[in-house]
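Examination of the molecular architecture
Take a look at the letters that make up each chain.
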Amino acid sequence: MAMEIRRVTVLGTGVLGSQIAYQTAFHGFEVTAYDIDDAVLAAGRSRFDALAAAYRAEVPGGGDGKAEQTAADIVLVADLGAAVRDADLVIEAVPEVLEIKQEIYAKLSELAPERTIFATNSSTLLPSAIKDATGRPDRFLALHFANQVWKRNTAEIMGSPDTDPEVFRTVSEFAQAIGMVPIELHKEKAGYVLNSLLVPLLRAAMELSADGYAEPATVDETWRIATGAPVGPFQILDVIGLTTPYNIMVHGDEQGRRFAAWLKENYIDKGKLGIATGEGFYRYSED
Ligand code: NAD
């Protein structure tokens, strides 16, 4: 690695933070996980135990006690200063609220050693919006994971114009070292690569069905046959879960609000939220 990364601190033990911490520990790094208080950390501990079960079942090398040992090796800390004191890399996965992120980076800039690299997992905020709060814009960038990191193992890497190229390279090599496929962006783009492709596709699919042009199954069938893709946009929506796009579109433009209303009336209000509830656009069997 261009710069040595051995000790990694993850801020936030929620959905993504717990997965990032676990995946990093599974690949042999020393991991500290920080969250706001002991009660939240206890929930984080349960998330690590649940991840251990998933890795044991689904990830090669997760057997023979390794998955459980990985969970046990993660150090949980509610004191930010103690959490980052020796960190080579801090990966931030706190709520997607600019003020919360800016506040935590302002504290970090004081508490972390000068060498420490900061990476945000933000899905929608550009590094440029956060960089000034870090006090070290040259050592700050985005490292964006996807939910279920052990299966959907892309890591999108995106710097601001101030990011040091060596820091960028180090983080890309780190991503590879924890089993991710690094997806490098040359400049900032809202949505990175994946959502720049996926969001317009999902929206176009919803337009076809919400506005009455074609059934969801017809849309998916067309996409699968004509492009060779294994799944269509509505199958992808069932995996994501319908509430996430609903929550985004309900606050969006006129067309988005119309699609949100369609999702709510026809699916969400009927408990059809996607694979997680056994039915969304499609019905799924128990097994
Ligand atoms: P989450 O709500 O599940 O977890 C956030 C965690 O941060 C919680 O444990 C919370 O206690 C903690 N937290 C709250 N305030 C804090 C503070 N001031 N300091 C430190 N920790 C604090 O959220 P999430 O879904 O894991 O998302 C976290 C980040 O990851 C967001 O930036 C989001 O855009 C990004 N992300 C989420 C997903 C996803 O599918 N959920 C995918 C990719 C990226």
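Residues numbered from 1 in each chain as written. Predicted model: local features only at pLDDT ≥ 70, side-chain atom pairs only at ≥ 80, totals over all residues. Heavy atoms only, no water.

Another aspect to go through is the sheet that holds strand 6 (residues 140–145). If you trace the eight strands from one edge of the open sheet to the other, you get 3-2-1-4-5-6-7-8, paired in mixed fashion. Each edge of the open sheet is held by one strand with a lone partner, namely strand 3 (75–77) and strand 8 (181–184). Between one strand axis and the next, the sheet turns through 25 degrees on average, direction left out of account. Sheet analysis places strand 1 (residues 7–11) next to strand 2 (residues 30–34), joined by five bridges and oriented parallel. Residue pairing for strand 2: V10 is matched across the bridge by A33. Where helix 1 (residues 15–26) meets the sheet, its contacts fall on strand 1, strand 2, strand 4 (89–92) and strand 6, and the angle it forms with strand 1 comes to roughly 165 degrees. Contacts between helix 6 (residues 127–134) and the sheet are confined to strand 5 (117–120), strand 6 and strand 7 (154–159), with strand 6 contributing the most and set at about 130 degrees to the helix. (Pairing = 2+ DSSP bridges. Helix = DSSP H or I, 4+ residues; strand = E, 2+ residues; numbered from the N terminus. Axes fitted to C-alpha atoms, helices over the stretch in contact; angles between N-to-C directions. Contact = heavy atoms within 4.5 Å.)

Attention shifts here to the UniProt feature "site: Important for catalytic activity" (unreviewed entry) in the protein chain. Under the local residue numbering, the UniProt record ascribes the feature "site: Important for catalytic activity" (unreviewed entry) to H144. Setting aside residues up to four positions removed in sequence, H144 forms contacts with T120, N121, S122, S123, T154, A155, E156 and Y192. Here the side chain of H144 touches S123 through a polar contact of 3.1 Å, side chain to side chain. (UniProt positions renumbered as here; feature names shortened; annotations may be inferred. Polar contact = N/O pair within 3.5 Å; in protein donor to acceptor, adjacent residues only side chain to side chain.)

This part takes up the pairing of strand 1. Judged by how many residues are buried, strand 1 sits mostly within the fold: four of five residues are covered. Following the backbone out of strand 1, through helix 1 and into the adjacent parallel strand 2, one traces a crossover that is right-handed. Two elements, strand 1 and strand 4, share four bridges in a ladder whose sense is parallel. Within the sheet, the bridge partner assigned to T9 lies in strand 4 and is V90. (Buried < 20%, exposed > 50% of the residue type's maximum accessible area, 1.4 Å probe, protein only. Right-handed = clockwise from strand over helix to strand, strands pointing away.)

Its location among the elements puts A54 in helix 2 (residues 38–58). Residue class for A54 comes out buried when judged on its relative accessible area of 16%. C-alpha separation for the pair A54 and S160, spaced 106 residues apart in sequence, amounts to 35 Å. A54 has contacts with V59 and W150, leaving out every residue within four places of it along the chain.

Pairs may arise between side chains of opposite charge once their charged atoms sit close together. Under the counting rule described, the total for this entry stands at 16 salt bridges. In this structure, E30 and R6 form a salt bridge, with 3.4 Å as the shortest nitrogen-oxygen distance. Of this pair, E30 sits in strand 2 while R6 sits in the segment before strand 1, placing them 24 residues apart in sequence. In this structure, K101 and E96 form a salt bridge, with 3.5 Å as the shortest nitrogen-oxygen distance. Several salt bridges converge on common partners, so that one network encompasses E4, R6, R7 and E30. (Salt bridge = Lys/Arg side-chain N within 4 Å of Asp/Glu carboxyl O.)

What follows is about the packing of helix 2 against helix 3 (residues 66–73). For any two helices packed against each other, one specifies the inter-axial angle together with the distance between the axes. Relative to each other, helix 2 and helix 3 sit at 160 degrees, their axes nearing to 8 Å. By the angle between their axes, helix 2 is roughly antiparallel relative to helix 3. Considering how the two elements wind past one another, helix 2 and helix 3 form a crossing that is right-handed. Contacts between helix 2 and helix 3 involve R45, F48, D49, A52, Y55 and R56 on the former and, on the latter, A67, E68, A71 and A72. (Parallel < 35°, antiparallel > 145°, perpendicular 65-115°, else oblique. Left-handed = near helix turned anticlockwise from the far one by under 90°.)

Splitting the protein chain by domain gives domain 1 (7–185) and domain 2 (195–277). Averaged C-alpha coordinates put domain 1 and domain 2 at centres separated by 30 Å. (Domains from an automatic or database assignment.)

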